[in-house]
Amino acid sequence: MAERHAQHLRDTLQLRRDQEPALNAFVAAMQPSTAEQGRGREAMRGLTTPQRLDRMQARMAERETRFRRQSEAIRRFYAQLTPAQQKAFDALPMMGHMAGRRGMDGMGGMHGGRGMMHGPGPDGRGPAPER
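Since this is a predicted model, take the numbers as computed values, not measurements.

Reading guide: rules and limits
- Residues numbered from 1 in each chain as written.
- Predicted model: local features only at pLDDT ≥ 70, side-chain atom pairs only at ≥ 80, totals over all residues.
- Heavy atoms only, no water.
- Helix = DSSP H or I, 4+ residues; strand = E, 2+ residues; numbered from the N terminus.
- Buried < 20%, exposed > 50% of the residue type's maximum accessible area, 1.4 Å probe, protein only.
- Contact = heavy atoms within 4.5 Å.
- Areas by Shrake-Rupley, 256 points an atom, 1.4 Å probe, with all protein chains shown as cover.
- Axes fitted to C-alpha atoms, helices over the stretch in contact; angles between N-to-C directions.
- Nonpolar A, V, L, I, M, F, W, Y, C, P; charged D, E, K, R; others polar.
- Arc of directions from axis to C-beta.
- Polar contact = N/O pair within 3.5 Å; in protein donor to acceptor, adjacent residues only side chain to side chain.

K.L.:
What's the story with the overall build of the protein chain in this structure? I'm lost.
P.N.:
Each helix and strand in the protein chain was counted, giving 5 helices and 0 strands. When the helices and strands of the protein chain are placed in sequence order, the string is α-α-α-α-α. Buried positions account for 27% of the 131 residues belonging to the protein chain. Within the protein chain, contacts between residues at least 6 apart in sequence are counted, and of these 50% link residues at least 24 apart. When the accessible surface of the protein chain is summed, it comes to about 9,500 Å², and 55% of that surface belongs to carbon and sulfur atoms.

K.L.:
Any chance you could explain the packing of helix 3 (residues 49-79) against helix 4 (residues 83-91) here in plain terms?
P.N.:
Each pair of packed helices can be described by the angle between their axes along with the distance between the axes. Where helix 3 meets helix 4, the closest approach of the two axes is 10 Å, and the angle between their N-to-C directions is 145°. Between helix 3, through Ile 74, Phe 77, Tyr 78 and Ala 79, and helix 4, the contact on the second element is made entirely by Gln 86, Phe 89 and Asp 90. Class assignment for the residues of the contact of helix 3 with helix 4 results in 5 nonpolar, 1 polar and 1 charged.

K.L.:
Sorry, what's going on with the environment of Asn 24 here?
P.N.:
Along the polypeptide, Asn 24 turns up in helix 2 (residues 20-30). Put simply, Asn 24 and Ala 2 are 22 residues apart on the chain and 9.9 Å apart in space, counted from C-alpha to C-alpha.

K.L.:
Got a minute to help me understand helix 2 in this structure?
P.N.:
The periodicity of an α-helix, 3.6 residues per turn, causes residues three or four places apart in sequence to face the same way. Listed in full, the buried residues belonging to helix 2 are Ala 22, Leu 23, Phe 26, Val 27, Ala 29 and Met 30. What you see down the axis of helix 2 is that its buried residues fit within an arc of 160°, all on one side. Residues Pro 21 and Ala 28 are exposed on helix 2 and point more than 90 degrees away from its buried face.

K.L.:
Which parts of the structure should I look at to understand the side chain of Arg 10?
P.N.:
Within the secondary structure layout, Arg 10 lies in helix 1 (residues 2-13). Polar side-chain contacts of Arg 10 include one of 2.9 Å to the side chain of Glu 3. Discounting residues that sit within four places of it in the chain, Arg 10 has contacts with Glu 3, Leu 15, Glu 20, Leu 23 and Asn 24.

K.L.:
Explain the environment of Met 30 to me, please; I cannot follow it from the model alone.
P.N.:
With respect to the helices, strands and loops of the structure, Met 30 is situated in helix 2. The exposure class of Met 30 is buried, given its relative accessible area of 7%. For the pair formed by Met 30 and Ser 71, sequence separation is 41 residues and the distance between their alpha carbons is 9.3 Å.

K.L.:
Hey, could you run me through the side chain of Gln 85 in this one?
P.N.:
Relative to the helices and strands, Gln 85 is located in helix 4. Looking at Gln 85, its side chain comes within polar contact range of the side chain of Gln 19, at 2.7 Å. With residues near it in sequence (within four places) discarded, Gln 85 still touches Leu 13, Gln 14, Leu 15, Arg 16 and Gln 19.

Here is the structure:
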């Protein structure tokens, strides 16, 4: 999946050979850590409500840390692009940069993306407006 995304960026941005190290660093920073992989509802079964809240709070802190790490990686990569490449990068969907198809927080759209809790906005895309 990561290599496919990297190739898409190479093609879309028409990256030069000297930009390959920046791309590789960017792609590596976008990968979830092994600690973030394989977590799910199964991990919450058998926990008390306070334990679940503690686990949720810890995961929120992990997501914030991951967001900061990824946003810095995006900034470093972006700085290596030419103005024309930056414009093409700006046109790409941001969620694709942050964590692939699942959304920034890995929850498939639960926090602001299209999906389970918010649904599409009035234009059929993006989140519905806050009420």
